[in-house]
Amino acid sequence: MEKFIKLTSSVVPLPIENIDTDQIIPARFLKATSRDGFGENLFRDWRYRSESTPNPEFVLNNDKISGQILVAGKNFGCGSSREHAAWAIHDYGFKVVVSSYFADIFKNNALNNGVLPVQVSETFLNEIFNQKEGAASISVDLENQKITLENTGKSETFEINTYKKYCLINGFDDIDYLVNLKDEIAEFETKR
Amino acid sequence: MGKTLFDKLWDSHVVKHVEDGPDVLYIDKHFIHEVTSPQAFAGLEKRGLKLFRPQQIVATADHNVPTIDQHLPIRDALSRQQVERLTENCEKHGVNLYGLNHPYQGIVHVIGPELGLTLPGMTIVCGDSHTSTHGAFGSIAFGIGTSEVEQVFATQCILQPKPKSMRITINGQLPSNATAKDVILFIISKISTSGGNGYFVEYAGDVFRNMSMEERMTVCNMSIEMGARGGFIAPDETTFNYIKGREFAPKGEVFAQSVAKWKQLKTEDGATFDKEHTFAASDIQPMITYGTNPAMGIQINRSIPTVAELQDASEEKSFLKSLAYMDFKPGQSLINHPVNYVFIGSCTNARIEDLRAAAKVVKGKRKAENINAFIVPGSKQVEKQAIEEGLDKIFKEAGFELRQPGCSACLGMNEDKIPAGEYCVSTSNRNFEGRQGPGARTMLASPITAALTALNGKIVDVTKEIA
Ligand code: SF4
């Protein structure tokens, strides 16, 4: 897994609540047997009007807006457990997703793929959405668990599990950790 | 102070607590299917690891399978490849597979319980959010991502922070026309799609006690739709009777010993939950959804809320976006609204009792001209049973198509899709934009409501049709 320590980037705003994983990546694109290439179909049905005509009103098709930080409305990533949603976000080039609430399974999936979910207050989120089109820039400092909206200097601290933080900063993943516990796990099995 | 059942089950499966981190949770049963497993097998091989406990894994093919002509090769090349990959992976790694055309094949959350693989007190995971279904047996069952599937492959454990606990209690007698599906749609409409975020739910009270196992599965299935990790119901005689004699269930003396153990699986008096909700059974009526998340549900004979009636003013924008997608207006009644598609299927409502309920409604009647109605049994065994009971004939005479088992039109992944702009009254669990196919408009309801819609070609007031 890639390491994540600090990032400053312009943001891609998506001020919609309850974005479910069927919107992030519709089911018909889940047929691959590898983890690559899902970015192409990220938000597919919002990005395209028909199977091939891009929707010029959708933010990913706006030339003036780009960045490695996706900012979305409350309860991001609800619905299906498909990790393909996290892969699509990662593959598209996002390193951070900011929202005022994340669904549990999505949060785990994102962290397992080096994408940092940053939960901020409703007020902070609205402040990002209120910036001029294409103007918002954010820095995320994982070490200090701090997110700053560069335009206004406003900042907030965010929560992250200490273990997960350690994993991200060092680029470790859960399997490395668990595999080292195999003896303990086998012992647990015999005791129950 | 007493312990909750959730605490008892969780704590007894913790191998180790990571300091300032999650728990290492031991998993008893791991179900897999073709969509969320290939990358996990590939990841495992890339690390040079083997399956740690292959005998605790059970596989089936359900999401990507066609529901007609299952004996023929799958036409869509990518779907076929994914299903074939599952077969290869299972052969190579020694995993039991109930694949296409096997008499035990079916939707993963239907076959686990019916084969006696799902048992009380277990921890159960699957790379699928509706794994919560298995909670009906008093087990901790929840959906996981593919990286986590790989963790379980490699170590039979998963790293999970312990969720908080919530109890939802419903006492009293349900009105005779309200089904388990109406109960869970009602709960979600009250709690919202994120109200259960971070929690594991225990369903308690008369209503759940009085339910059959299949009804309990319908309820637990949709726990995830309020954001909860899962939901369960403490096991009782209904549970034990259901399990008894099933293919892989414990037998004879071992069964008796298991039952004695399972009887201990209860929340103790005085145990406290992080959150409690209580509802009255008498308030629950047949429900239907009008929007694009499962919490956007109403009693079928009431109107869609107006903007002023929204519980939370900040929801206005997403509420209106959702209604625009559905082409409904705030304050509108759904009664008499035309519908062209009816889908009875999915891991929520494709068990034999669901098919019986639908058959009872349509028996001797004929679907409306405009309706395309298909019924997709949850498994080969459900299909077989339906045919043995003659339900297939009832459906056929009524103009319904009885298909072969699979996830079908629950998600727009296989060949069964609802065309853009069309309304579908569906017994599945998700009405998200495009869930049943790009542009499809889904309205979630019970099998009875779905069957009545098919007969009438439009939404009808179920409360008047069924006393
Ligand atoms: S029936 Fe639908 S919800 Fe259930 S496992 Fe299949 S796709 Fe998922």
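K.L.:
What is the right way to look at the overall build of chain A in this model?
P.N.:
Scanning chain A from terminus to terminus reveals eight helices and seven strands. For 192 residues, the compact-globule estimate of 2.2 N^0.38 gives 16 Å, and chain A sits close to it at 18 Å. The buried share of chain A, reckoned over its 192 residues, is 59%. For chain A, restricting intrachain contacts to residue pairs at least 6 apart in sequence, the fraction spanning at least 24 positions comes to 63%. Carbon and sulfur atoms make up 45% of the accessible area of chain A, which amounts to about 8000 Å² in all. Averaging the positions of the 21 positive and the 28 negative side-chain charges in chain A gives two centres separated by 2 Å.

K.L.:
How should I be thinking about the interface of chain A and chain B in this particular structure?
P.N.:
How large an interface is tends to be reported as the accessible area lost when its parts come together. With 55 residues of chain A at the contact, the number on the chain B side is 68 residues. Here chain A meets chain B over a buried area of about 5000 Å², counting both sides, of which 53% is carbon and sulfur. The largest share of the area that chain A buries against chain B comes from Lys31, Thr33 and Ile175 of chain A, three residues that together contribute 15% of it. At the junction of chain A with chain B, the criterion picks out eight salt bridges. A salt bridge links Asp173 of chain A to Arg47 of chain B; the nearest nitrogen and oxygen atoms lie 2.7 Å apart. Our count for the contact surface shared by chain A and chain B stands at 32 residue pairs in polar contact (both at pLDDT 80 or more). Class assignment of the residues belonging to the side of chain A that touches chain B gives a composition of 21 nonpolar, 15 polar and 19 charged.

K.L.:
Is there a simple way to explain helix α10 (residues 252-262) of chain B in this structure?
P.N.:
Residue pairs three or four apart in sequence face the same way in an α-helix, which turns once every 3.6 residues. All names here are of chain B. Among the residues of α10, Phe255, Ser258, Val259 and Trp262 are the ones counted as buried. Seen end-on, α10 carries its buried residues on one side only, within an arc spanning 100°. Relative to its buried face, α10 has exposed residues pointing more than 90 degrees away, namely Glu253 and Lys261. The inward-facing, buried residues of α10 contact α9 (237-243).

K.L.:
Explain the sheet that holds strand β2 (residues 23-26) of chain B to me, please; I cannot follow it from the model alone.
P.N.:
All names here are of chain B. If you trace the three strands from one edge of the open sheet to the other, you get β1-β2-β8, paired in antiparallel fashion. Only two strands of the sheet have a single neighbouring strand rather than two, namely β1 (14-17) and β8 (157-160). Going across the sheet, the axis of each strand differs from the next one's by a mean of 20°, ignoring polarity. Here three bridges tie β1 to β2, and the two strands are oriented antiparallel to one another. In the sheet register, Lys16 faces β2, and the bridge partner there is Val24. Together, β1, β2 and β8 form the strand contacts of helix α1 (residues 5-12), whose direction differs from that of β1 by roughly 80°.

K.L.:
Would you explain α1 of chain B in this entry?
P.N.:
Listed as buried for α1 of chain B are Leu5, Phe6, Leu9 and Trp10 of chain B. Summarising the axial view, the buried residues of α1 of chain B lie within an arc of 120°, below the 170-degree limit, and thus occupy one face.

K.L.:
Please clarify how the site of the ligand should be interpreted in this entry.
P.N.:
Around the ligand sit His63, Ile107, His109, Asp128, His130, Ser346, Cys347, Cys407, Cys410, Leu411, Asn429 and Arg435 of chain B, and that is every residue in its neighbourhood. Split into classes, the residues belonging to the shell around the ligand amount to five nonpolar, five polar and two charged.

K.L.:
I tried to follow the nonpolar core on my own but got confused; where do I start?
P.N.:
Judged by nonpolar contacts, the single largest core of 91 residues is most densely connected at Ile32, Ile168, Ile170, Ile187, Tyr203 and Phe208 of chain B. Considering every element that reaches this core, the biggest residue donor is helix α6 (residues 180-191) of chain B, with eight residues. With 84 residues, the next largest nonpolar core counts Ile24, Val59 and Ala110 of chain A together with Val462 of chain B among its residues.

K.L.:
Can you walk me through the environment of Pro250 of chain B in this structure?
P.N.:
All names here are of chain B. When you line up the elements, Pro250 lands in the loop between α9 and α10. Residue classification places Pro250 among the buried residues on the basis of a relative accessible area of 16%. When neighbours within four sequence positions are excluded, Pro250 is seen to be in contact with Leu119, Phe255, Ser258 and Trp262.

K.L.:
What is the right way to read the packing of helix α2 (residues 38-46) of chain B against helix α5 (residues 146-155) of chain B from this model?
P.N.:
To characterise two packed helices, one gives the angle between the axes of the helices and the distance between these axes. All names here are of chain B. For the pair α2 and α5, the least separation of the axes is 8 Å and the interaxial angle reads 50°. With respect to α5, the element α2 is oriented oblique. Judged by the twist between their axes, the crossing of α2 over α5 is right-handed. On the side of α2, the interface is formed by Gln39, Ala40, Phe41, Gly43 and Leu44, while α5 contributes Thr146, Val149, Glu150, Phe153 and Ala154.

K.L.:
Just checking my understanding: could you explain the packing of aromatic side chains for this structure?
P.N.:
Each pair of aromatic rings is reported with the distance of its centres and the angle of its planes. All names here are of chain B. This structure, assessed with the given rule, holds 28 aromatic pairs over all chains. Note on Phe255 and Trp262: the rings are 6.1 Å apart at their centroids and 80° apart in plane angle, and the pair reads as edge-to-face. Assigned by exposure class, Phe255 and Trp262 land together as buried. Measuring from ring centre to ring centre gives 6.1 Å for Phe395 and Phe400, while their planes differ by 40°; the resulting arrangement is tilted. One exposure class covers both Phe395 and Phe400, and it is buried. Linked through ring pairs, Phe6, Trp10, Phe142, Phe200 and Phe232 together constitute an aromatic cluster. The ring of Phe52 carries Arg53 above its face, with NZ or CZ at 3.9 Å from the centroid. It is Arg246 that lies over the ring of Tyr242; its NZ or CZ is 3.8 Å from the centre.

K.L.:
How do you make sense of the pairing of β8 of chain B when you look at a structure like this?
P.N.:
Where a strand is regular, its side chains alternate between the two sheet faces. Residue and element names in this part refer to chain B. Side-chain alternation along β8 places Cys157 and Leu159 on one buried face and Ile158 and Gln160 on a second face that is also buried. Examined bridge by bridge, β2 and β8 share four bridges and lie antiparallel to one another. Bridging from a neighbouring strand, Tyr26 pairs with Cys157 of β8.

K.L.:
I keep staring at the environment of Gln82 of chain B and nothing clicks. Help me out?
P.N.:
Mapped onto the fold, Gln82 of chain B is located in helix α3 (residues 77-93). Separated by 2.8 Å, the side chain of Gln82 of chain B and the backbone oxygen of Leu30 of chain A make a polar contact.

K.L.:
Explain the sheet that holds strand β3 (residues 96-99) of chain A to me, please; I cannot follow it from the model alone.
P.N.:
Strand pairing in a sheet takes place through backbone hydrogen bonds and is either antiparallel or parallel in direction. Residue and element names in this part refer to chain A. Within the open sheet, the seven strands sit side by side as β4-β3-β2-β1-β5-β6-β7. Their pairing is mixed. The sheet is open, and its two edges are formed by β4 (116-119) and β7 (154-157), each paired on a single side. The average undirected angle you get between the axes of adjacent strands in this sheet is 25°. As paired strands, β3 and β4 are joined by four bridges and run parallel to one another. Paired with Ser99 across the strands is Gln119, a residue of β4.

What counts, and where the lines are drawn
Residues numbered from 1 in each chain as written. Chains lettered and ligands numbered in written order. Predicted model: local features only at pLDDT ≥ 70, side-chain atom pairs only at ≥ 80, totals over all residues. Heavy atoms only, no water. Helix = DSSP H or I, 4+ residues; strand = E, 2+ residues; numbered from the N terminus. Rg over C-alpha atoms; globule rule 2.2 N^0.38 Å. Buried < 20%, exposed > 50% of the residue type's maximum accessible area, 1.4 Å probe, protein only. Contact = heavy atoms within 4.5 Å. Areas by Shrake-Rupley, 256 points an atom, 1.4 Å probe, with all protein chains shown as cover. Lys, Arg positive; Asp, Glu negative; His and termini not counted. Charge placed at Lys NZ, Arg CZ, Asp CG, Glu CD. Buried area = accessible area lost by both parts, 1.4 Å probe. Salt bridge = Lys/Arg side-chain N within 4 Å of Asp/Glu carboxyl O. Polar contact = N/O pair within 3.5 Å; in protein donor to acceptor, adjacent residues only side chain to side chain. Nonpolar A, V, L, I, M, F, W, Y, C, P; charged D, E, K, R; others polar. Arc of directions from axis to C-beta. Pairing = 2+ DSSP bridges. Axes fitted to C-alpha atoms, helices over the stretch in contact; angles between N-to-C directions. Near = heavy atom within 4 Å. Core = buried A, V, L, I, M, F, W, Y, C linked by side-chain atoms within 4.5 Å. Parallel < 35°, antiparallel > 145°, perpendicular 65-115°, else oblique. Left-handed = near helix turned anticlockwise from the far one by under 90°. Phe/Tyr/Trp six-rings, centres within 6.5 Å; stacked < 30°, edge-to-face > 60°. Lys NZ or Arg CZ within 6 Å of the ring centre and 35° of its normal.

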